Amino acid sequence: MRSLFRLLRILQVLLRWRLDELLGERRPRRLLGLMRFVLAKPTPEVASAARGMRLRRALEELGPIFVKFGQILSTRRDLLPPDVAAELALLQDRVAPFPGEQARALVEAELGAPVATLFEAFDTQPLASASVAQVHAARLPGGREVVLKVLRPGVGQRVATDLGLLHTLARIAQKRLPDAERFQPLELFAEIERTLRDELDLQREGANASLIRRNFERQPQDLLIPEVFWNLSRGDVLTMERVRGIPSDDVAALDAAGIDKSKLAAKGVRVFYTQVFRDNFFHADAHAGNIWVDAERRDEPRFIALDFGIMGSLSPSDQYFLAENFSAMFTRDYRRIAELHVEAGWIPASVRLDDLEAAVRSVCEPYFTRPLSEISLGEVLVKLFKVAHRFELTIQPQLLLLQKTLLNIEGVGRLLDPKLDIWAVAKPVLDEILRERYSFAALVGDFRKRVPELVARAPEFPRLLHAYFAQATRGEQTLNMRSKELAQLVRVSRRAQHGMVLAILGAGALVSASVLWALDAPGIRIAGIPLATWVALGA
């Protein structure tokens, strides 16, 4: 019953903000008109508002889970119109806090001891409050300051309920939305569901923070990651070192603190490329609220990262193809970019390379005629992905996370230093990492790691070779096809073969009947035609 009322509430808000118009001509006009009359009537303010603003306001009205949905949706700039993506990027995940005493009770229930025993002090007034969790300050025995991230009571059930309704809406959109094949609402829903469920797992977030902290142990001058206190983290509670800093977009505060913004901007680009190509583990929610600046380090500034719920990583092949794409972009080798998209499997091999090359050139050429300091790699990637959709682009969510993060990093970098030449900063880092990654020493190291596996499987090799050659000799080898396109081709081919066989048989029967009739075959006749002729036609 609650789900029904919630669904009616969602429909009421969507109709009041006239979001049914996004369905275009496929919307059931009479039904929606009746529902709008019963549930909600748009105001004059709504009638004159742009579609992006209407969508943002509707999501804000529907509550924190839908706000989070909109924030995740805003990362899909390859699918959304620019005006809608820009509006969704303005969504703020701010929610009234739940009572501090309730948070204290949750902490005691999760950690299995009174707060007074575990902490020297615990502030019931939250430092921050969002849709999934809120943060409280505390002090350990001995005086070390920490923060506790506590999940909201019942948030898991509310997320599950709203996800169920979102799935229903996604199925409707899959049937009704214009260009649904391009937007893939069900796949988009699966991506949003995965992201939300990851954010509910505070132990996963703690593990993410620990890994990225370990990756930068030798570079404390570049990036500070708060320490996780695992003995005080369990279930719905995560305890971390308390850090202080200045939001990376607060230019006035950075100037007042005497921070060298040019050094800081260049360092941000180097840290990002190091995370992506050296560590293959990058912070994928790098907006100014999660990326601070250490105010204590003026001449050698460093960043502070917070909130590790959304992280990204790429497969080795995607890392390689992405790096090669960047290199090809800045040498204006558009043919190579087209080839890389096909080699990576992002675009079907059946696509004409010259057509794809021309499309890539139309996107890149207007950018790369500018000075390098004015080029945004993030924007180029967004436009490349949009153009590539015409060529049946299939791209992994992790690459889209990286695209969004790259836009955030470039935005912060250019805010700190408008003349920042991102490629001049990133290229040496990228070259060094790739040189080390694909060096002879690295290949030998990888081989050494695989030696135990090879030794363990070595006894199986003679049997497998014998089986292979035996099958080849008997002609029993089979080709296992996994591609959906190939499987569909096989089905079409089989149907065509069946049709051809039937056509040949039918033609043969028709010819036989004609010959028998022409020869005036003896025997029983029906309607003046020999029975043998009727039998041939029936065949």
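As the structure is a computational prediction, the values presented were derived from the model and not from experiment. (Residues numbered from 1 in each chain as written. Predicted model: local features only at pLDDT ≥ 70, side-chain atom pairs only at ≥ 80, totals over all residues. Heavy atoms only, no water.)

*Asks:* So what exactly am I meant to see when it comes to the overall build of the chain here?
*Replies:* Looking only at helices and strands, the chain has 24 helices and 13 strands in total. For the chain, the residues scored as buried account for 43% of the 539 residues in total. Of the roughly 29,100 Å² of accessible surface on the chain, 57% is carried by carbon and sulfur atoms. (Helix = DSSP H or I, 4+ residues; strand = E, 2+ residues; numbered from the N terminus. Buried < 20%, exposed > 50% of the residue type's maximum accessible area, 1.4 Å probe, protein only. Areas by Shrake-Rupley, 256 points an atom, 1.4 Å probe, with all protein chains shown as cover.)

*Asks:* Help me understand helix α17 (residues 353–368), please; the structure alone is not making it clear to me.
*Replies:* Because an α-helix packs 3.6 residues into every turn, residues spaced three or four apart end up facing the same way. Taking 1.5 Å per residue, 16 residues should reach 22 Å; α17 reaches 21 Å between its end C-alpha atoms and fits that length. At Ser 362, α17 shows its maximal bend, which comes to roughly 30°, and the proline Pro 366 appears one to four places after that position. Those residues of α17 lying buried are Leu 356, Glu 357, Ala 359, Val 360, Val 363, Cys 364, Tyr 367 and Phe 368. Looking at the buried positions of α17, the neighbouring elements they touch are α15 (316–330), α16 (334–343) and α18 (377–388). (Expected span 1.5 Å × (residues − 1). Bend = angle between axes of the 7 residues up to and from the residue. Contact = heavy atoms within 4.5 Å.)

*Asks:* What's the story with the nonpolar core in this structure? I'm lost.
*Replies:* Among soluble globular proteins, nonpolar side chains are generally buried collectively. Formed by 118 residues in total, the largest nonpolar core has its most connected members in Tyr 273, Phe 277, Phe 326 and Met 329. Sort the elements by how many residues they give to this core and helix α14 (residues 261–279) lands first, with nine residues. For Phe 326, the residues in contact, after removing those within four places along its chain, are Tyr 273, Phe 277, Leu 377, Leu 381, Leu 406, Trp 423 and Leu 430. (Core = buried A, V, L, I, M, F, W, Y, C linked by side-chain atoms within 4.5 Å.)

*Asks:* For this particular structure, what's the right way to read the pairing of strand β6 (residues 237–241)?
*Replies:* Side-chain direction in a regular strand flips from residue to residue, so the side chains alternate between the two faces of the sheet. Among the five residues that make up β6, five are buried, leaving the element largely enclosed by the rest of the structure. Pairing analysis gives five bridges linking strand β4 (residues 145–151) to β6, with the strands arranged antiparallel. By the bridge assignment for β6, Leu 148 is matched with Thr 239. (Pairing = 2+ DSSP bridges.)

*Asks:* Is there a simple way to think about the environment of Leu 62 in this case?
*Replies:* Positionally, Leu 62 belongs in helix α4 (residues 51–62). Judged by relative accessible area, Leu 62 falls into the buried class, the value being 5%. Separated by 53 residues in the primary sequence, Leu 62 and Arg 9 place their C-alpha atoms 8.2 Å from one another. The contact partners of Leu 62, leaving out residues within four places of it in the chain, are Arg 6, Arg 9, Ile 10, Val 13 and Leu 14.

*Asks:* Would you explain the packing of aromatic side chains in this entry?
*Replies:* In this description, an aromatic ring pair is defined by two values, namely the gap between the centres and the angle between the planes. Per the counting criterion, the structure on display carries six aromatic pairs. Their ring planes at 70° and their centres at 5.2 Å tell us that Tyr 320 and Phe 321 sit as a pair that is edge-to-face. Given the relative accessible area of 31%, Tyr 320 is considered partly exposed. On the basis of relative accessible area, Phe 321 is assigned to the buried category, the value being 11%. One aromatic cluster is present, formed by Phe 272, Tyr 273, Phe 277, Phe 282 and Phe 326 through successive ring pairs. (Phe/Tyr/Trp six-rings, centres within 6.5 Å; stacked < 30°, edge-to-face > 60°.)

*Asks:* It is not clear to me how the packing of helix α9 (residues 155–176) against helix α11 (residues 185–200) should be interpreted in this structure. Could you clarify?
*Replies:* In helix packing, the relevant descriptors are the interaxial angle and the interaxial distance, both defined with respect to the helix axes. Interhelical geometry of α9 versus α11 gives an angle of 170° and a closest axis separation of 9 Å. Considering the angle they form, α9 stands roughly antiparallel to α11. In this structure, α9 contributes Val 155, Gly 156, Val 159, Leu 163, Leu 166, His 167, Ala 170, Arg 171, Ala 173 and Gln 174 to the contact, and α11 contributes Pro 185, Leu 186, Phe 189, Glu 193, Leu 196, Arg 197 and Leu 200. Grouping the constituent residues of the contact of α9 with α11 by class yields eleven nonpolar, three polar and three charged. (Axes fitted to C-alpha atoms, helices over the stretch in contact; angles between N-to-C directions. Parallel < 35°, antiparallel > 145°, perpendicular 65-115°, else oblique. Nonpolar A, V, L, I, M, F, W, Y, C, P; charged D, E, K, R; others polar.)

*Asks:* What is the right way to read the packing of α16 against α17 from this model?
*Replies:* One way to put it is that α16 packs onto α17 with a least axis distance of 8 Å and a crossing angle of 125°. Judged on the interaxial angle alone, α17 and α16 are oblique. The two elements α16 and α17 meet at a crossing, and its hand is right-handed. Contacts from Tyr 334, Arg 335, Ile 337, Ala 338, Glu 339, His 341 and Val 342 of α16 reach α17 at Leu 353, Asp 354, Leu 356, Glu 357, Val 360, Arg 361, Cys 364, Glu 365 and Phe 368. For the contact of α16 with α17, the class distribution of residues is nine nonpolar, one polar and six charged. (Left-handed = near helix turned anticlockwise from the far one by under 90°.)

*Asks:* How do you make sense of α18 when you look at a structure like this?
*Replies:* An ideal rise of 1.5 Å per residue puts 16 Å on twelve residues; α18 measures up with 16 Å between its terminal C-alpha atoms. Among the twelve residues of α18, nine are classified as buried, and the element is accordingly described as predominantly covered. Among all positions of α18, only Leu 377, Gly 378, Val 380, Leu 381, Val 382, Leu 384, Phe 385, Val 387 and Ala 388 are buried. Structurally, α18 contributes buried residues whose contacts are with α14, α15, α17, α19 (397–416) and α20 (422–437).

*Asks:* Would you mind going over the environment of Leu 340 with me for this structure?
*Replies:* Along the polypeptide, Leu 340 turns up in helix α16. Residue Leu 340 is classed as buried on the basis of its relative accessible area of 0%. Residues Leu 340 and Tyr 320, 20 residues apart in the sequence, show an inter-C-alpha distance of 9.8 Å. Apart from residues lying up to four places away in sequence, Leu 340 is in contact with Phe 321, Glu 324 and Asn 325.

*Asks:* Can you help me understand a nonpolar patch on the surface in this one?
*Replies:* On the surface, Phe 447, Val 451, Leu 454, Val 455, Phe 461 and Leu 464 cluster together into a nonpolar patch covering about 530 Å² of accessible area. Listing elements by their share of the nonpolar patch, those giving two or more residues are α21 (440–457) and α22 (461–474). A per-element tally of the nonpolar patch places α21 first, with four residues. By the element assignment, Phe 461 lies in helix α22. (Patch = residues over 30% accessible without salt bridge, like charges linked within 9 Å, V, L, I, M, F, W, Y side chains within 5 Å. Salt bridge = Lys/Arg side-chain N within 4 Å of Asp/Glu carboxyl O.)

*Asks:* Before we go on, may I ask you to explain the pattern of salt bridges in this structure?
*Replies:* Side chains carrying opposite charge are able to pair once their charged atoms draw close together. Tallied over the full model, the rule gives 29 salt bridges. Glu 241 is the salt-bridge partner of Arg 213, the closest N and O atoms lying 3.9 Å from each other. Linking Arg 213 in helix α12 (residues 202–215) with Glu 241 in strand β6, this pair joins segments that are 28 residues apart in sequence. Among the residues examined, Glu 241 registers a relative accessible area of 18% and is labelled buried. Each of Arg 335, Arg 336, Glu 339, Glu 343, Glu 357 and Arg 361 takes part in a single network of salt bridges with overlapping partners.

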